[in-house]
Number of protein chains: 2
Amino acid sequence: MDTDLTPPGPLAPGGLRVTALGGIGEIGRNMTVFEHLGRLLVIDCGVLFPTHDEPGVDLILPDLRHIEDRLDDIEALVLTHAHEDHIGAIPFLLKLRPDIPVVGSKFTLALVAAKCREHRVKPVFVEVKEGQRSTHGVFECQYFAVNHSIPDALAIAVHTGAGTVLHTGDIKLDQLPLDGRPTDLPGMSRLGDAGVDLFLCDSTNAEHPGVGPSESEIGPTLHRLTRGADGRVIVACFASNVDRVQQIIDAAVALGRKVSFVGRSMVRNMGIARELGFLSVADDDVIDIGAAEMLPADRVVLVTTGTQGEPMAALSRMSRGEHRSITLTAGDLIILSSSLIPGNEEAVYGVIDALAKIGTRVVTNAQARVHVSGHAYAGELLFLYNGVRPRNVMPVHGTWRHLRANAKLAVSTGVPEENVVLAENGVSVDLVGGVASIAGAVPVGKMFVDGLITGDVGDATLGERLILSSGFVAVTVVLHRGTGKPAAPVHLHSRGFSEDPKALEPAGLKVEAELESLAAENVTDPVRIAQAVRRAVGKWVGETYRRQPMIVPTVLEV
Amino acid sequence: MDTDLTPPGPLAPGGLRVTALGGIGEIGRNMTVFEHLGRLLVIDCGVLFPTHDEPGVDLILPDLRHIEDRLDDIEALVLTHAHEDHIGAIPFLLKLRPDIPVVGSKFTLALVAAKCREHRVKPVFVEVKEGQRSTHGVFECQYFAVNHSIPDALAIAVHTGAGTVLHTGDIKLDQLPLDGRPTDLPGMSRLGDAGVDLFLCDSTNAEHPGVGPSESEIGPTLHRLTRGADGRVIVACFASNVDRVQQIIDAAVALGRKVSFVGRSMVRNMGIARELGFLSVADDDVIDIGAAEMLPADRVVLVTTGTQGEPMAALSRMSRGEHRSITLTAGDLIILSSSLIPGNEEAVYGVIDALAKIGTRVVTNAQARVHVSGHAYAGELLFLYNGVRPRNVMPVHGTWRHLRANAKLAVSTGVPEENVVLAENGVSVDLVGGVASIAGAVPVGKMFVDGLITGDVGDATLGERLILSSGFVAVTVVLHRGTGKPAAPVHLHSRGFSEDPKALEPAGLKVEAELESLAAENVTDPVRIAQAVRRAVGKWVGETYRRQPMIVPTVLEV
């Protein structure tokens, strides 16, 4: 569907247009643009992490090009929570226009501030909290407490003349959340009483039947595992999962162990969380890694980054014996209190195997309940639909299988099928007179960040990189201008092709023969000569090796 | 451990030496060499599939170099079953010595024959079956029926003057196997009565507690799903899982549907399975895909390859709308009756999302029990250990976490800890006087197959390919011989670096400046000039882009 859509026409007067520039049809780079009366409101601005088919790419941004000409129309950027896939692209947006008001909760803004400092960007912040409202031009926003795997998350209702939209952000309906701040289903139900015209709802776990386990189930397991450990306990978890870290600390302290944070983002985030009152721990109980290494192993719990096997993260370094201060031994217990993000399996299993080789005990969710998801399962989403009772639904945050599953849930609660809009990135959904419909679509590409410069690496470059993963063969030919006669021997070299130094020898003869026959035909055009050389070498390599390296001819004239 | 080991000394007279050339410390390319009285016996000869860190590699072979000088000592190659990770490297071994007797069960040899035909190799086969014995020089082999996810699997006891070794191959203890041929635990127990000196045991599922579900649980689920489908049913499964296909067929036939096989290996293997009596289906009930496409959708079940998201497999083609004869529609039900092999997640989820976008219903093991593993869980392995009661144990088939878990199980049944040998690839375990101990180790590398030529692609080539995944910048300089003065303008070009045509312009000036200063210093050595050019361009690219493409300088003289 949708791929045949043409760009949308003008928005009907008084209508509301919703366009995702990322986050629909994929998991990551969430960013949704709301347009009303010529003005824009943006919810979230996150990054997507590259797949193995996108080599050399650091990050992928939402397609900011579609708002580049309308930056001055943006009233505010409103944030649901501080995960990278919701805030990671903010510095790139603010480099385009630094004074866009950035609206979010206390913890969210603190993490955005830390991120922006690294990028030398200083945003204009507007702090809000659940129960409040804030007005940004023609948009009135209303905030609801949301439970997720990071503190201080919000759902956002956007009230406009065209109707009310509710956006869940990432959401879970944990009924026994560790911080005593469950998702405000009563508040959303009141909003539903007043009428929600369009409901943008998290699809991530829509395929999972039932109701997800509570974060509070993790604590007892961590306690039991820590109690049973004779040596050091090392728990890896996501660096923003403050409730998880709280439970690790509680277990450690109850069992007379000190806690130390390891890894740059863990140290930074837990510093922020303590300062803002989201993490509760006595000064005595947290020590730095140097002090921790002086204590007996059974008096220490380390909380570390590296759950996804990132090669430079603390846990990976430990597994390779390359960590500056921590040397693992067979008595250590390692707990991976985290999920495995698809695509990272090879890296994570590599780390686990290295840990097993050392002889440490490794516990993952496969052995004990040491992780729960932060996203609502199908059963929880049903509570949301029945509470909000939306007129129209637009599943967000997910690939097609998640979106379809979420759409089905909406329909099962009584939302008419024709009122459920499956809109990919770039698709504009117009809300006019209480009716939501697809108005058209603009193509939304991936904006790749590779190093400092953004925007110069695209599909063509990535295509070349993928071909280069079979190596290349370069052929340099120097000819006398005009005559086309060789001025130097044909020079062949390759990288990533073969370790046999003589691998290409016969190809040189092929090139020389080709040059001779071109000369006999009086061909002197360097472009034609280059093409012929490429063909000759490519054919020889294909027949001899059955490989397809990139063939790179260079023809120079002297 | 082990990595510091030196090559083993001579084997004690009358002793038995066991050396894995693949399959321990990894999942794949299983191959174990037994040495006794100067003669060799090999069990299995499989391939390993490359990871994303091994770009361009087709297959990885066991390190055959260690037996290249002793090919004539090999009495036989004995096979446990016909999975690729146990037979895939046979053609490469037989190219070194074509007349090695290849010993295996009927179904195993049939699949090996098909594989060897593709490689134009004609092996010398010795067919055996459970209950039989065969003698190969100083080795007497005895065969036991084994249940696994492919028909006709065997465990192999090797009787020698030094003692008896039992090798499980891949094994499961399904007590209600579909083919009525359970693993011969009574036979192995009798062998245990007589005494098993060394037990090589499958570690794949040693981490999974309890007893695995039976293959026979799948049938009813397939029946229920097929009965509930209004349109076409398409089941993807491994092309050698004959019992699975039998159950798909049984459900289809019971519900009045015809079956068609899709995908080259599925068609081939099911042809062999029917011919040899391992798959039972009436001629009427199997139709070719052309005939299937003429029937109403609800009269058809397709059995297809492509469970791992392989881009050229039938299911992937269907998901992209590129299959020659099958066009999917929203009414189709797709069942992935398979596991997800780590590393393939991105590809498989990509296919599932494409199927979801079309609107087909996709059922995986996450929604219903449509797959079971073919490997024994921990609880089943305990039955094996208590039946066999081995003196010494050597866990095989697994990475370190699997080997450690398997070792622990052995110890828990009473095998003394010092009698459990954790031996990686290349480690020689000597059995002398009933005692198994590590004698040393030879380094075992990976033999990469890339296209036609094997052995010329190694770690250096792969290292270059990984660097090339960030692209390259080539700089060609033509100088007058002797003077070092430029004979042509500096030529810069790149691939996989940037889509900006002017990206490298300033670098040209840097190179020219560098050449001038080299000329001023009277440097005329092309090697030194190339190094200087590489440094200058690398530094400029790093500072300007913060990227690290490969810099490839070429200096030619005319």
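Here the residue numbering is sequential within each chain, running from 1 through the sequence in written order. Ligands are numbered from 1 and chains lettered from A, in the order in which they are written. Reporting in this predicted model follows two pLDDT cut-offs: at least 70 for local features of residues, and 80 or more for side-chain atom pairs to be given and counted; totals over whole chains, interfaces and linings ignore these cut-offs and use all residues. The basis for the side-chain values is all heavy atoms of the structure; hydrogens and waters are excluded.

- Per an unreviewed UniProt entry, chain A goes by Ribonuclease J and derives from Mycolicibacterium confluentis.
- UniProt positions are given in the numbering used here, feature names are shortened, and annotations may be inferred rather than shown by experiment. Annotation of chain A in UniProt includes, under Subunit (unreviewed entry), the sentence "Homodimer, may be a subunit of the RNA degradosome."
- You can read under Sequence similarities (unreviewed entry) in the UniProt record for chain A the words "Belongs to the metallo-beta-lactamase superfamily. RNA-metabolizing metallo-beta-lactamase-like family. Bacterial RNase J subfamily."

Remarks on the domain arrangement of chain A
Residues and elements named next belong to chain A.
Part 1 of the argument: How far each domain reaches was decided by an automatic or database domain assignment. Domain assignment breaks chain A into domain 1 (16-210 + 373-442), domain 2 (215-363) and domain 3 (459-557).
Part 2 of the argument: In this structure, domain 1 and domain 2 have C-alpha centres spaced 31 Å apart.
Part 3 of the argument: Here, residues are in contact when the closest pair of their heavy atoms is within 4.5 Å. Counting from both sides, the interface comprises 18 residues of domain 1 and, opposite them, 16 residues of domain 2.
Part 4 of the argument: Between domain 1 and domain 2, a total of about 1400 Å² is buried, with carbon and sulfur atoms accounting for 61% of that surface.
Part 5 of the argument: Think of a salt bridge as a Lys or Arg side-chain nitrogen and an Asp or Glu carboxyl oxygen that are within 4 Å of each other. Linking domain 1 with domain 2 are two salt bridges.
Part 6 of the argument: For R268, the salt bridge is made with E118, and the minimal N-O distance between the two is 3.2 Å.
Part 7 of the argument: Between N or O atoms, a polar contact is any pair within 3.5 Å; within protein, one atom must be a potential hydrogen donor and the other a potential acceptor, and residues adjacent in sequence are included only when both atoms are from side chains. Scanning the region where domain 1 abuts domain 2 turns up five residue pairs in polar contact (both at pLDDT 80 or more).
Part 8 of the argument: Taken together, the residues that form the side of domain 1 that touches domain 2 break down as eight nonpolar, three polar and seven charged. In short, buried area is how much 1.4 Å probe accessible area vanishes from two parts on joining, totalled over both. Under this grouping Gly is polar, as are all residues other than the nonpolar Ala, Val, Leu, Ile, Met, Phe, Trp, Tyr, Cys and Pro and the charged Asp, Glu, Lys and Arg.

Thoughts on helix α7 (residues 264-275) of chain A
Residue and element names in this part refer to chain A.
Part 1 of the argument: Numbering of helices and strands starts at the N terminus; helices are DSSP runs of H or I of at least 4 residues and strands are runs of E of at least 2. To estimate the expected span of a helix, count its residues, drop one, and scale the result by 1.5 Å. Between the first and last C-alpha of α7 there are 17 Å, a value that for 12 residues agrees with the 16 Å anticipated at 1.5 Å per step.
Part 2 of the argument: Listed in full, the buried residues belonging to α7 are M266, N269, M270, I272 and A273. Projected down its long axis, α7 shows its buried positions confined to an angular sector of 155°, all on one face. The outward face of α7, more than 90 degrees from its buried face, is lined by the exposed residues R264 and E275.
Part 3 of the argument: Check the buried side of α7 and you find it contacts α3 (106-118), α6 (242-254), β14 (258-262) and β15 (300-304). Each residue gets one of three labels from its accessible area relative to the maximum for its type: buried under 20%, exposed over 50%, partly exposed in between, using a 1.4 Å probe on protein chains only. As used here, the arc belongs to the directions running from the helix axis to the C-beta atoms.

Notes on the packing of helix α11 (residues 378-388) of chain A against helix α12 (residues 400-412) of chain A
Residue and element names in this part refer to chain A.
Part 1 of the argument: Helix axes are fitted only over the stretch in contact, all axes being lines through C-alpha atoms; the angle between N-to-C directions runs from 0 to 180 degrees. Their axes nearest at 9 Å, the elements α11 and α12 cross at an angle of 45°. Classified by the angle between their axes, α11 and α12 sit oblique to one another. The interaxial crossing formed by α11 with α12 has right-handed handedness. Across the interface between the two elements, A378, L381, L382 and Y385 of α11 pack against N406, L409, A410 and S412 of α12.
Part 2 of the argument: Per-class residue counts for the contact of α11 with α12 are six nonpolar, two polar and no charged. Roughly parallel means an angle under 35 degrees; roughly antiparallel, over 145; roughly perpendicular, 65 to 115; everything else is oblique. Left-handed describes a crossing in which the near helix is turned anticlockwise from the far one by less than a right angle; the clockwise case is right-handed.

Considering the UniProt feature "binding site: Zn(2+)" (unreviewed entry) in chain A
All names here are of chain A.
Part 1 of the argument: Residues given the UniProt feature "binding site: Zn(2+)" (unreviewed entry) here are H81, H83, D85, H86, H148, D170 and H397. Spanning 317 residues, the annotated positions come together in the fold, the maximum distance between their C-alpha atoms being 14.0 Å.
Part 2 of the argument: Along the polypeptide, H148 turns up in the loop between β9 (139-146) and β10 (153-160).
Part 3 of the argument: In this structure, H148 is in contact with H81, H83, A153, D170, I171, G374 and H375, ignoring residues within four places of it in sequence.
Part 4 of the argument: As for its placement among the helices and strands, D170 is situated in the loop between β11 (163-167) and α4 (185-194).
Part 5 of the argument: The buried category is assigned to D170, whose relative accessible area is 3%.
Part 6 of the argument: Among all residues touching D170, those that are not within four sequence positions of it are H81, H83, D85, H86, V146, N147, H148, D202, H375 and H397.
Part 7 of the argument: A polar atom in the side chain of D170 sits 3.1 Å from the side chain of H86.

Structural notes on the relation of the copies chain A and chain B
Part 1 of the argument: We place the copies in one frame by least squares, fitting the C-alpha atoms of every residue whose pLDDT is at least 70 in both. Rotating chain A by 180° about the axis while translating it 0.0 Å along that axis superimposes it on chain B, leaving an RMSD of 0.1 Å. Here the symmetry operator amounts to a two-fold rotation axis.
Part 2 of the argument: The fraction of interface residues of chain A whose copies in chain B are also interface residues reaches 100%, indicating that both copies meet through the same surface.

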